[in-house]
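Structure assessment
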Protein chains: 2
Amino acid sequence: MLIREATRDDWSAIWPLLERDIVAGETFCFDRDLTEDQARQTWFPQLPGRAVVAVDDQGAVVGIATIRPNHGGPAAHIANASFLVDPEHAGCGIRRALGAHVLDQARADGYRAMQFNAVVETSTRAVALWRSLGFDVLATVPEAFHHPVDGYVGLHIMYRRL
Amino acid sequence: MLIREATRDDWSAIWPLLERDIVAGETFCFDRDLTEDQARQTWFPQLPGRAVVAVDDQGAVVGIATIRPNHGGPAAHIANASFLVDPEHAGCGIRRALGAHVLDQARADGYRAMQFNAVVETSTRAVALWRSLGFDVLATVPEAFHHPVDGYVGLHIMYRRL
C-alpha cells in the first residue's frame with residue numbers, strides 16, 4: 001500500500017464510499033443532502049489543507065485522509081483530520097497507516113497539535129485506534145450524535161500534541 | 001434595545017465591527033484574509049441557521065448573534081452560536097440579551113443543546129457570562145489560541161442542554 005497526495009482524478013473513487021457512509025449515518029456528521037461539490041470541497045480542501053489517498057498494489061484508491069486547520073486565524077496551529085476507508089478493506093491497517101501519515105504530515109506542516117471534533121463514542125475500534133496513536137479524549141459531548149442503531153450517543157473530542 | 005431577525009441591510013453595520021475584531025485577533029478564529037463574502041456567509045447562515053441583531057433605541061445595529069447546527073447530519077440537533085457586539089456598547093448587557101435570546105430561539109427550533117467550540121479562556125468576562133447563562137466548560141484545548149498579548153492560551157469548549 002502506498003500513501004500519496006490526492007489528485008482530482010481520485011475523487012471518483014472517494015465519492016461512492018462517502019455517499020454510502022453518509023446514508024448509513026453511523027460515522028460522519030454530514031447532512032444527507034450534501035452535494036458532491038460540497039463533499040469535494042470538504043475532502044479536497046484548499047491550502048493549507050491537503051488530502052492524501054491510500055492506494056493498493058493494483059493502484060486502486062482504498063482510503064483518503066484530509067488535514068486542515070481546525071479553526072482559522074489565531075487558532076490555525078491546531079490541525080484537524082478526517083478519514084474515510086473502503087469498508088471492503090477494513091481491518092487491513094489502512095486507517096492506521098493514514099493516521100500515522102497524517103500525524104507526520106501535520107508535524108511537518110508546522111501544526112502544534114491535532115484535534116478531532118466528533119468521534120462517535122460507540123465506534124470503539126476507531127476510538128481505540130486513535131488512542132493507540134497517542135490521542136486522548138478531552139471531552140465527550142453528551143448525546144451529540146443520533147446513531148441509527150444505538151440512538152443518542154456521545155461525540156468524543158480527541159486531541160494529541162505533535 | 002430590540003432583538004430581531006437580521007436582514008441583508010444590517011450587514012453594513014456588522015462588517016466594520018467584525019473586521020476590527022479580526023485585526024485585533026483577541027476573540028475570533030477567523031483568518032485575517034477572510035473576505036467580506038465569506039464573512040457574510042458565516043454570519044448570515046443558510047437555513048436552518050439564522051441571525052438576529054440587537055438594535056438600539058435609535059435603530060442602530062449594535063450586535064449580532066448567529067445560530068447554526070454545530071455539525072450536520074446525525075449531529076445537527078446540537079446548536080452552535082456566535083456573537084459580536086459593538087465595543088462602544090460593551091457593558092450594556094447586549095451580549096447577555098443576545099445570549100438569552102439565542103438560547104430561547106435554539107430551544108424553539110428544536111435543538112437539544114448548545115455548544116461553543118472556541119471560547120478564549122482569558123476572555124474572562126465572556127466565560128463568566130456563558131457560565132451565568134448555564135454553560136459549563138466541557139474541556140479546554142490547551143494552547144489552542146495564539147493571543148496577541150497573552151501568547152498561547154486555551155480554548156474552552158462550552159456546553160449546555162436546552
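Everything below is about the structure printed above this text.
Treat the numbers as computed from the prediction; the structure is a model and nothing was measured.

Analysis parameters
Residues numbered from 1 in each chain as written. Chains lettered and ligands numbered in written order. Predicted model: local features only at pLDDT ≥ 70, side-chain atom pairs only at ≥ 80, totals over all residues. Heavy atoms only, no water. Axes fitted to C-alpha atoms, helices over the stretch in contact; angles between N-to-C directions. Helix = DSSP H or I, 4+ residues; strand = E, 2+ residues; numbered from the N terminus. Parallel < 35°, antiparallel > 145°, perpendicular 65-115°, else oblique. Left-handed = near helix turned anticlockwise from the far one by under 90°. Contact = heavy atoms within 4.5 Å. Nonpolar A, V, L, I, M, F, W, Y, C, P; charged D, E, K, R; others polar. Pairing = 2+ DSSP bridges. Salt bridge = Lys/Arg side-chain N within 4 Å of Asp/Glu carboxyl O. Buried < 20%, exposed > 50% of the residue type's maximum accessible area, 1.4 Å probe, protein only.

**Here we look at the packing of helix α1 (residues 11-24) of chain B against helix α2 (residues 36-43) of chain B**
Residue and element names in this part refer to chain B.
- Across the interface, α1 lies against α2 with an axial gap of 11 Å and an inter-helix angle of 110 degrees. With respect to α2, the element α1 is oriented roughly perpendicular. Seen along the crossing, α1 lies across α2 with a hand that is right-handed. Side by side, α1 and α2 meet where W11, W15 and L18 of the first sit next to E36, A39, R40 and W43 of the second.
- Residues of the contact of α1 with α2, tallied by class, amount to 5 nonpolar, no polar and 2 charged.

**Overview of the sheet that holds strand β6 (residues 136-147) of chain A**
Residue and element names in this part refer to chain A.
- Strand order across the open sheet formed by 7 strands is β1-β2-β3-β4-β5-β7-β6, with mixed pairing between neighbours. The open sheet terminates on both sides in strands that have one partner only, identified here as β1 (2-5) and β6. Strand-to-strand twist in this sheet, taken as the mean axis angle between neighbours without regard to direction, amounts to 25 degrees.
- Both β1 and strand β2 (residues 50-55) contribute to a ladder of 4 bridges, which runs antiparallel. Each bridged residue has a counterpart across the sheet, and for I3 the counterpart in β2 is A54.
- With respect to the sheet, helix α3 (residues 94-108) is in contact with β1, β2, β3 (61-69), β4 (78-85), β5 (113-120) and β7 (151-161), its orientation differing from that of β4 by roughly 155 degrees.

**Topic: the pattern of salt bridges**
- In total, this model carries 18 salt bridges over all chains according to the counting rule given.
- For the salt bridge of A:R50 with A:D109, the shortest nitrogen-to-oxygen distance reads 2.9 Å. Taken as a pair, A:R50 in strand β2 and A:D109 in the loop between α3 and β5 lie far apart in primary sequence, 59 residues in all.
- According to the relative accessible area criterion, A:R50 is partly exposed, its value standing at 21%.
- Classification of A:D109 by relative accessible area gives partly exposed; the value is 32%.
- A salt bridge links B:R50 to B:E5; its shortest N-O distance comes to 2.7 Å. With B:R50 in strand β2 (residues 50-55) and B:E5 in strand β1 (residues 2-5), this pair connects stretches of sequence that are 45 residues apart.
- Salt bridges sharing common partners tie together A:E5, A:R50 and A:D109.

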